Amino acid sequence: MRKTTFILLLLLLLSLSIYSQKRVVSSEISISEAQNSILRNSLEEYQIVEIDLVQFKKDISTLQETRVLWTIDEKTDYDMRIHPKDIRSSAFQAAIVSENGNTIQEKGEINTYKGYLSNGNTVRLTVDDDFIFGGIQIEKGFLMVRQLKYVLEDKSTSPNILVLYRSDKVKGDGAVCGVPDELIEPDDETVVSQSSSAGCHIIEVAADCDTEYYNRYTGNVFNQMLGEFNLIQDLYENNLDAVLSITDVRAFIGSMYSSTNPSTIITEIKNLWWSSPYSSIPRDLVHHFTDKDLGYFGLASGEGVACNGSNKAVCWTRERPGQTHQTVAHEIGHLINGRHPDGEDCGIEHVRSIMCQGENKQLTFSPASITRLTNYIGSWTCFDYNTTYISGNNNICVNSTKTYTLGNFDPTAATNITWSLNNSRASIISGQGTESVVVKGNSSGQVTLKAIIDYPGSNCGNVTETKSLLIGPTISFTWSGPGPYGQVDVNVTGGSAPWKFYKNETTLIHTSYSSSTTVPFGCTGGSLEVRSTTSCGTGSYTDIIYGGCGGYYLMVYPNPAGNEVKVKLNTENENFRNSNLAFEGGITLTVYDFSATMVKSMEFVGSLEELKLDISDLKKGNYFLRISCKEIDETHQIIVE
């Protein structure tokens, strides 16, 4: 009976596990011969399927990782785990630009997704209610996922109909990159020598497209451009430890891009993005998408020009189903110093590395390219990511708020920020997860504000920034002395006149209307406290003043001490021998730490020649010992070992 119950329970748990997984089932469908004829011009093999895009988007619209079992057909299942991965910077903006002006688009939710299969292969998809584009890594390249309507340029086709094809089954059209091949001479300073790493860096990209490209994708033009960048993110992260952060995308409708000459388009891109208001948009380079037939599949303005003047680093890519993302990766590679001769296996289709001349390549940089590109990225500070700090006031009044911001922070795509405080003297009111937070003071004291910045990329990791805050009134002072007559020179920071000075907590000994003053403290040592009105109310600060002037009346030994210190009259002090002071009556020994906090106190009664204080319970460090009785009040510094 128990065995049967256990089996039933196990089956129940398994069924719950199965139903917790999202299931996407696509069905194979037929298309017309005319449509097939168009596809066969560019694809050797393909499959036409239909899915419910709205439901698919609904299933994965969560900030958490979602497990999706996508059944392509009776023989093919893809067990995916995917999660939203924003490639847009926090300052990202999208706009449609025409002769009538700019139409700013709402940033909207994250549509780019990153994930992996059960075997570890990567998945990159861009998904909306009526849009899907991306790739699933398979044994040979990628299984490309595209909507049939955009391949055929037939907007009447349902958005739920997809064409699936392997990247190694794409037919080439003989196009090449327009950047000329260069022979790198041995004395060139950029010659590849050995492998290196750029660490973690950010490449900020602004992107745009012309009227022809916009007309192909219309309402999903921004999804398509972001989808192309999403497909190559792993290439840059895994090979170069660099992240592509998309700062801006624009669709230019009209005559802004009118040329059909490959080189003239480069000039048009430069002129447009160097003019107002586009010149102020943050970027390291500009990438342009076009659907014009320009002969070349792409062209860059030069090799190694990114960061070397923002108007110089531009490139363009011609739309080619199945290969556009490869060209985007290739042309951006040129801008960060990539060269055709650094390619690997360049004579082998579907194996050649990304900087090879020609088409049909694998999404990988060759070792030679990795060295050259990481050396270039590492040599320019514009790609640096960790130069941040927390800016804001060091003081917060109780029940008041202050704003703290990450200074010099690059608002990079997919960067997570977590703020925290080390105690309850303050609390974070708003802004968690952003580059600015509002902090409220709860009670007086010190608190540390911490920001953990989780940068994307395989080697970026976490960067921690901290800032020490004082909650409540803030005031402090520095001092020197005592002088020969017991005078102590004090410089106060904070507060306002008058400043009042107290000895040993209760006795007012001096009032000053200047922050720099001389306090008649005396020679016996003790605590000195200043009180004043601050912006947060009455504040105070206390420090221990050593005894001095003509020497101590008392001796404290041994010093440094271990388990015990002893106190007796200093018979070698001539001032004591010539005075009538007595070491008797109620004698109190009080130990303070360096923050003027009392840590131990003991009282002795009667006339004693020597006092003994047990300090075995104190931690190793520096302390102040105050000895007070009817006629003597001295403070000595002691060291506990």
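Coordinates for the structure precede this section.
What counts, and at which threshold
- Residue positions are given per chain, counted from 1 along the sequence in the order it is written.
- Predicted model: local features are reported for residues with pLDDT of at least 70 only, side-chain atom pairs are reported and counted for 80 or more only, and whole-chain, interface and lining totals are derived from all residues.
- Excluding hydrogens and water, the side-chain figures rest on all heavy atoms present in the structure.
- In this analysis, a patch consists of residues with relative accessible area above 30% that form no salt bridge, clustered at 9 Å for like charges and at 5 Å for the nonpolar side chains Val, Leu, Ile, Met, Phe, Trp and Tyr.
- Throughout, the Shrake-Rupley method with a 1.4 Å probe supplies accessible areas, and for residues the shown protein chains are the sole cover considered.
- For this analysis, a salt bridge means a side-chain nitrogen from Lys or Arg found within 4 Å of a carboxyl oxygen belonging to Asp or Glu.
- Think of it this way: Lys and Arg go in the positive column, Asp and Glu in the negative one, and His and the chain ends go nowhere.
- By convention, the point assigned to a charge is CZ for Arg, NZ for Lys, CD for Glu and CG for Asp.
- Secondary structure counts use DSSP, requiring at least four H or I residues in a row for a helix and at least two E residues in a row for a strand, with both numbered from the N terminus.
- A pair of strands is labelled paired if DSSP reports no fewer than 2 bridges between them.
- What counts as an axis is a line fitted to C-alpha atoms, over the stretch in contact for a helix, and the angles between N-to-C directions run from 0 to 180 degrees.
- Using a 1.4 Å probe on the protein chains alone, a residue whose accessible area is under 20% of its type maximum counts as buried, one over 50% counts as exposed, and one in between counts as partly exposed.
- In what follows, a contact means two residues having at least one pair of non-hydrogen atoms within 4.5 Å.
- For this analysis, a polar contact is any N or O atom pair within 3.5 Å, provided that within protein one partner can donate a hydrogen and the other can accept it, and provided that sequence-adjacent residues contribute only side-chain to side-chain pairs.
- Only buried Ala, Val, Leu, Ile, Met, Phe, Trp, Tyr and Cys residues count toward a nonpolar core, and they belong to the same one when joined by side-chain atoms within 4.5 Å.
- This arc is taken over the directions from the axis of the helix to the C-beta atoms.

A. Structural view of a negative patch on the surface. On the surface, Glu564, Glu609, Glu610 and Asp614 cluster together to form a negatively charged patch. With respect to the helices and strands, the residue Glu610 is situated in strand 37 (residues 610–614).

B. Expanded view of the sheet that holds strand 37. An order of 33-34-37 is seen for the 3 strands of this open sheet, with the pairing classed as antiparallel. If you trace the sheet from one side to the other, it starts and ends with strand 33 (554–557) and strand 37, each paired once. Averaged over neighbouring strand pairs, the angle between their axes works out to 20 degrees when direction is ignored. Summarising the sheet, strand 34 (residues 564–569) and strand 37 pair through 5 bridges and their orientation is antiparallel. Paired with Val567 across the bridge in strand 37 is Leu611.

C. The arrangement of the environment of Asn442 in detail. Residue position: Asn442 is located in the loop between strand 23 (436–441) and strand 24 (445–454). What makes Asn442 partly exposed here is its relative accessible area of 31%. Taking the C-alpha atoms as reference points, Asn442 and Thr401, 41 residues apart in sequence, are found 9.6 Å from one another. Once you skip the residues sitting within four places of it in the chain, Asn442 turns out to touch Val398, Ser424, Arg425, Ala426, Ser427 and Ile471. Among the polar contacts listed, one links the side chain of Asn442 to the side chain of Ser427, at a separation of 3.4 Å.

D. Geometry of the nonpolar core. By size, the foremost hydrophobic cluster in this structure holds 84 residues, and its most contacted members are Ile203, Phe229, Tyr236, Trp273 and Ile336. With 10 residues, the top contributor of residues to this core is helix 6 (residues 221–240). Not counting residues within four places of it along the chain, the set of residues in contact with Phe229 comprises Ile87, Val205, Ala207, Ile246, His287, Phe289, Val328 and Ile332. Formed by 24 residues, the second largest nonpolar core is a distinct cluster that contains Met80, Val123, Leu125 and Val145.

E. A look at the sheet that holds strand 23. Taken together, the 4 strands give an open sheet; going across it, the order is 18-20-23-22, and neighbouring strands pair in antiparallel fashion. At either end of the open sheet lies a strand with only one pairing partner, and these are strand 18 (389–391) and strand 22 (426–430). Each strand of the sheet is rotated relative to its neighbour by a mean of 35 degrees, with strand direction disregarded. Bridging between strand 18 and strand 20 (residues 401–407) involves 3 bridges; their strand directions are antiparallel. When the bridges of strand 20 are listed, Ser391 appears paired with Thr405.

F. Molecular detail of helix 3 (residues 53–60). Taken as a whole, helix 3 has its buried residues at Leu53, Phe56, Lys57, Asp59 and Ile60. Viewed end-on, helix 3 has its buried residues packed into an arc of 160 degrees, placing them on one side of the element. Capping the start of helix 3 is the job of one residue whose side-chain oxygen sits 3.3 Å from the backbone nitrogen of Val54: Asp52.

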